[in-house]
Each structure stands twice: as C-alpha cells, then as structure tokens.
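# Structural overview for review
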Amino acid sequence: ETGVTQTPRHLVMGMTNKKSLKCEQHLGHNAMYWYKQSAKKPLELMFVYSLEERVENNSVPSRFSPECPNSSHLFLHLHTLQPEDSALYLCASSQEPAYSSYNEQFFGPGTRLTVL
Amino acid sequence: GQQLNQSPQSMFIQEGEDVSMNCTSSSIFNTWLWYKQDPGEGPVLLIALYKAGELTSNGRLTAQFGITRKDSFLNISASIPSDVGIYFCAGQLGGAQKLVFGQGTRLTINP
C-alpha cells in the first residue's frame, strides 16, 4: 500500500449505530487530519493530530470522536449521528510543521457516509 | 477568519482549449497549494508554491504565487478529457497554520 488509505470507502448507518472510520498513511508523516466535505461547501477541518497528540478540534460535536494510536493510524469513531452528518470524510497526512518547511497535505480517497 | 475566493465556480470548455482559474484572499499566505478532486476520490496535490512570484509547472499545468501573496492562479493548457474534475486552491500562512480551502472550480470538457 502506498499513500493514504481509508476504509471503508462507503458506509450507511442508522442514527443509533456506532461505527468507526479508519485511515492509514504510508508516507512516514507525523501529522494527520480529518476533514468533512459536504456538497457545495469548502472542505471543513475537523481534527488535527501532530505527533499523536490532538492539536486542534474545530468545535466538532462530541458524536465524532477521533483516536490516533500512532503516527500511521487515525480513527474517527461515530455514534448517534444525524442525517446532516452525511458527507465525504477525508483523511490527510503531512510532515509535522515544526520539522519541515514543506508540509503539504496528502489526502486519502475518503469515506462516503450516509446517515439514515 | 481567512477566506479564499476561487473563481470561476464552474467552467464548460471544448477539448483542446486552455483553462485559467484563480484564488484571491483578503490576507496573505506563505504557501499556496492546488489540488484536483475526481468524483468519489480525495483531492490530489498538483502543485505547491512557496515563494511570492514563483511560477511552477507540472506537465500542462502552470501555477503562480502572486507577488502580493494574496492570490494565485492555475492554468491548464490544451485540455484533455481526463482534466475533468474539481480544482481546489488552498492557502497556508505558516508551517503550523491550517490550510484554508477555496470553494473549488468544477471543470467540464466537451469532446
């Protein structure tokens, strides 16, 4: 595997379900990100992990719970979601900014989430 | 907060035509990035710009970092069908700052 991978690619869940999204990066990066992409809206940054510590939480509802067990893996745990949470959830990774001047973010293919 | 205005929002062109799109900001950035997103996929980095005035090419794509550091443009020459998709600009003030994304330009090509 190369680059940034995400599983599952598609997920349909009810509002009472609990599910998790997984992201894995094979680029040797040490910063990882979760974004939400809704139709006709700019990408919304949700969470940032740098060196496995959460450094940003953009006022995201508590029904979204991130986890970063190591620098290569990032999870987004979902519970009691709402239909308006349906969107494409994108993971990205980069070099930790303090260690590199070139910290472009590389994205995974995304998980298309539908909440019924 | 910082906002990026990306234009045009959509383009409908004939195959073989050149394409130009741009992003402007009310505040300065130190880095400009251009991404392309195909349907059902994540954005793919096309070009990264790090210096004001920098002009960088990647095949048929050329991007420039505006001298005022508040704008950037992307040109595509001799468009082909696989250029179809949504193009996003993104700006970053400094290494530790988060990316700010434009709204995207949707490119459609008629064969």
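Further up the page is the structure itself.
Residues numbered from 1 in each chain as written. Chains lettered and ligands numbered in written order. Predicted model: local features only at pLDDT ≥ 70, side-chain atom pairs only at ≥ 80, totals over all residues. Heavy atoms only, no water.

## So, the pairing of strand β8 (residues 73–79) of chain A
All names here are of chain A. Relative to β8, strand β3 (residues 18–25) is paired through seven bridges, and the arrangement is antiparallel. The residue bridging K19 from the neighbouring strand is L78, located in β8. Relative to β8, strand β7 (residues 64–70) runs antiparallel, the two sharing five bridges. Bridging across to β8, F64 finds its partner in L78. Where β7 folds back on β8, the antiparallel hairpin that results is connected by two residues. (Pairing = 2+ DSSP bridges. Helix = DSSP H or I, 4+ residues; strand = E, 2+ residues; numbered from the N terminus.)

## Details of the pairing of strand β2 (residues 10–13) of chain A
Residues in a regular strand point their side chains to alternate faces of the sheet. Residues and elements named next belong to chain A. Burial along β2 is one-sided: the residues L11 and M13 are buried and none of H10 and V12 is. As paired strands, β2 and strand β11 (residues 111–115) are joined by four bridges and run parallel to one another. Paired with H10 across the two strands is R112, which belongs to β11. (Buried < 20%, exposed > 50% of the residue type's maximum accessible area, 1.4 Å probe, protein only.)

## What about the pattern of salt bridges?
All names here are of chain A. In total, this model carries five salt bridges over all chains according to the counting rule given. The partner of R63 in a salt bridge is D85, with the nearest N and O atoms 2.7 Å apart. Residue R63 is located in the loop between β6 (53–57) and β7, and its partner D85 is located in the loop between β8 and β9 (87–94); the two are separated by 22 residues in the primary sequence. Pair check on accessibility: R63 and D85 agree, each one buried. (Salt bridge = Lys/Arg side-chain N within 4 Å of Asp/Glu carboxyl O.)

## Details of the environment of N30 of chain B
Position of N30 of chain B among the secondary structure elements: in the loop between β3 (19–25) and β4 (31–37). For the pair N30 of chain B and Y50 of chain B, spaced 20 residues apart in sequence, the C-alpha separation works out to 6.2 Å.

## Comments concerning the packing of aromatic side chains
Taken as a whole and assessed by the stated rule, the structure comprises eight aromatic pairs over all chains. An angle of 45° between the planes, with centres 5.3 Å apart, marks the rings of Y35 of chain A and F107 of chain A as tilted. One end of the pair, Y35 of chain A, is in strand β4 (residues 31–37); the other, F107 of chain A, is in strand β10 (residues 106–107), and 72 residues separate them in sequence. An aromatic cluster is built from Y33, Y35 and F107 of chain A together with Y35 and F101 of chain B, whose rings are joined through pairwise contacts. (Phe/Tyr/Trp six-rings, centres within 6.5 Å; stacked < 30°, edge-to-face > 60°.)

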